[in-house]
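Report on the structure
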Amino acid sequence: MAIADDSADAGQDPWRKRPPLPHAPSRGGESPAAAIASSPPESFLLQAPDVNSVTDLYLAGHPGRGGLPEDVELLRRSYAWTGAACGGALRIGGEPYLARPLATANALAAAGLDAATVASGLLKEPLETGRAAFAEIRENFGEEVAALAAGAADPPGERYCLTASSPWDGVGFMASAAGPAYRYASPEGAARRAARFALALEAALRDPRTLAVRIASRLHDMRCLPLYPPSCRAAYAQETLDYYAPLAGALGLPKLRSDLEDLSLMTLRPKDYADISSRLPEGPPGREGFVRETGRALQASLREFRVDCEVRGRAKHVYGVWRKMLLQNLPFEQIHDLFAFRVTVDSVEACYRALGVVHTLYRPLPGRFKDYISLPAQDGYRSLHTAVVGPRGVRMEIRIGSAGMRGRRGDDAEAVLDLRPAVARPGGLPAPGLDAGLRYLRSLHAALTDGMDRDPDASLSRLRKALDPDGPVLAFTPMNGVVKLPQGATPIDFAYRIHPGLGDRLAAAFVNGSPVGLGHTLGSLSTVRIVTDTSARPAGDWLDKAASPKTRAMIRKALSSARERPRPGRRRPAS
């Protein structure tokens, strides 16, 4: 969200320094350290969310980790410091402002990240709101935690509203007993958004964990999206789906990615989300509980038959089901991998023995067996795939292979840099995949910053394409028809994909209800409305704006026809 003082400031530099948010009157302007020293933490902890949620999640994700008492103490001190800094501030929903940093820390702890990263998720909030200085955090928590918090924080007072609509006069996201601190209004243009991502990637090149903190913070913002002004919601969800969700996948945070994708779908396609979520199996013990119980039972049965193995499972999330139905044109009843399990064994012979056990335990579905060991896929992928009817009549997909067979199709296939091994090296970054991950982040930074000052829209388009180079863009017509487009597609591609005549008469376009330029890059789940004019004609610069070679061919044909068309009152020369 963007913070604006008044519309009269519109001509000023959007990156100007803004005054920090006021401290709560109950704290008398004290620093966090002074507030903690002068009054017991219980004075605000009783009214705020409980720190035990963070420590419990952290302990559950780090069984047997050495130095746990020190880690827990760091999390509790970070929580107390942030609570004192937020004081009596409330969010627009009436919850304590401490709820946001606590939710960020919870997400990081559940993802299995190290204590320094989880603590920075709590401490970045006082930095963003101007209620604490970097030097204070460094003095109290050390260089590593302070650097992580600073790298994950936006400049003080910066919040964003990603729409070009009129200002919103509602209560701001930081308020105190004295009333709202700011009004959220100003739109964020492409230049400002590109600059924000450039800062985030520069910080990630110093320490990739800063991106994980930003992603976890965005997850809480997405859960609070109904409290945002309606004009902001679609653009905020679109940005989350286009940038934050792919980044979560690249960093080896699949749960964060799936949650961000589901929340984006809920905002952008609420009817589709409600329809699919209502048809997914629920009830006791829940989808995640079903995965745990079935995985344990399957592994125990395989070991009874002397098949040494490891079984991992996952439940397909709503967005994953929706996307597969759309891309493969399948009804819900033909989605056989609502639950999927990966059985990892140590040899090819063990793969086939495990398959026999699986088909003995569960009824296989006809026509759903694929042997990629005898006939490997073109990319070298090797495994056995089968679909079965599992417990409670639930359809499941089971993949069987050795560790070396997984290739790029494993559960974390999209992970370029897995941040979770950092927990095994206190105070250090993960060694496995670090070099490749940093090269990947450098490529993202280069794609974004190349020519960013001249054309920030094109820079953002390159960043989006770099994050998901092979994934199609799924755009929608106002009548709910789906149009599959390549990455980088614009309203010009959209219009010509529907019909060449529509493209030739294209005059203007609206995306998610807001007017956009014809060179605007479309994101998945965008709803596009095309405005035509009988006098409109393709322009030469459309060739640079179109992403599809087929679209450019149709534009050239239209331009050629326009050049050959005789002028009024003149004869066309005989051929």
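To be clear, the structure that these remarks concern was listed above.
Not measured: the values here are computed from a predicted model.

Here we look at the sheet that holds strand E13 (residues 506-511)
Taking strand neighbours across the sheet as the criterion, the 3 strands line up as E14-E13-E15 in an open arrangement whose pairing is antiparallel. Unpaired on one side and paired on the other, strand E14 (514-516) and strand E15 (528-532) mark the two borders of the sheet. Each strand axis lies, on average, 35 degrees off the axis of its neighbour in the sheet, ignoring direction.

Points about the side chain of Lys324
Mapped onto the fold, Lys324 is located in helix H15 (residues 318-328). Residue classification places Lys324 among the buried residues on the basis of a relative accessible area of 18%. With residues up to four places along the chain from it excluded, the contact list for Lys324 reads Lys316, Asn329, Ile335 and Asp337.

Let's talk about the environment of Gly189
Within the secondary structure, Gly189 is located in the loop between strand E4 (183-184) and helix H9 (190-206). A C-alpha to C-alpha distance of 9.2 Å links Gly189 and Asp457, two positions 268 residues apart in sequence.

Comments concerning H9
Along its 17 residues, H9 runs 25 Å from first to last C-alpha, staying within 8% of the 24 Å computed at 1.5 Å per residue. Judged by how many residues are buried, H9 sits mostly within the fold: 12 of 17 residues are covered. If you check which residues of H9 are buried, you get Ala190, Arg192, Arg193, Ala194, Ala195, Arg196, Phe197, Ala198, Ala200, Leu201, Ala203 and Ala204. In the core, the buried residues of H9 are packed alongside helix H8 (143-152), helix H10 (209-223), helix H11 (230-250), helix H17 (434-449) and helix H18 (456-467).

Overview of the packing of helix H12 (residues 254-268) against H15
At a minimum axis separation of 7 Å, H12 and H15 run at an interaxial angle of 65 degrees. As judged from the angle between their axes, H12 and H15 are roughly perpendicular. For the pair formed by H12 and H15, the contact residues are Glu261, Asp262 and Leu265 on the first element and Val318, Tyr319 and Trp322 on the second.

Some thoughts on unusual backbone geometry
With phi around 60 degrees, Arg306 is a residue other than glycine that occupies positive phi space. With respect to the element layout, Arg306 can be found in the loop between helix H14 (287-304) and strand E5 (310-315). In this structure, Asn329 is a non-glycine residue whose phi angle is positive, near 55 degrees. Tracing the backbone through its elements, the reader meets Asn329 in the loop between H15 and strand E6 (339-345).

Thresholds applied
Residues numbered from 1 in each chain as written. Predicted model: local features only at pLDDT ≥ 70, side-chain atom pairs only at ≥ 80, totals over all residues. Heavy atoms only, no water. Pairing = 2+ DSSP bridges. Helix = DSSP H or I, 4+ residues; strand = E, 2+ residues; numbered from the N terminus. Axes fitted to C-alpha atoms, helices over the stretch in contact; angles between N-to-C directions. Buried < 20%, exposed > 50% of the residue type's maximum accessible area, 1.4 Å probe, protein only. Contact = heavy atoms within 4.5 Å. Expected span 1.5 Å × (residues − 1). Parallel < 35°, antiparallel > 145°, perpendicular 65-115°, else oblique.

All we've got here are geometric facts, nothing functional implied.
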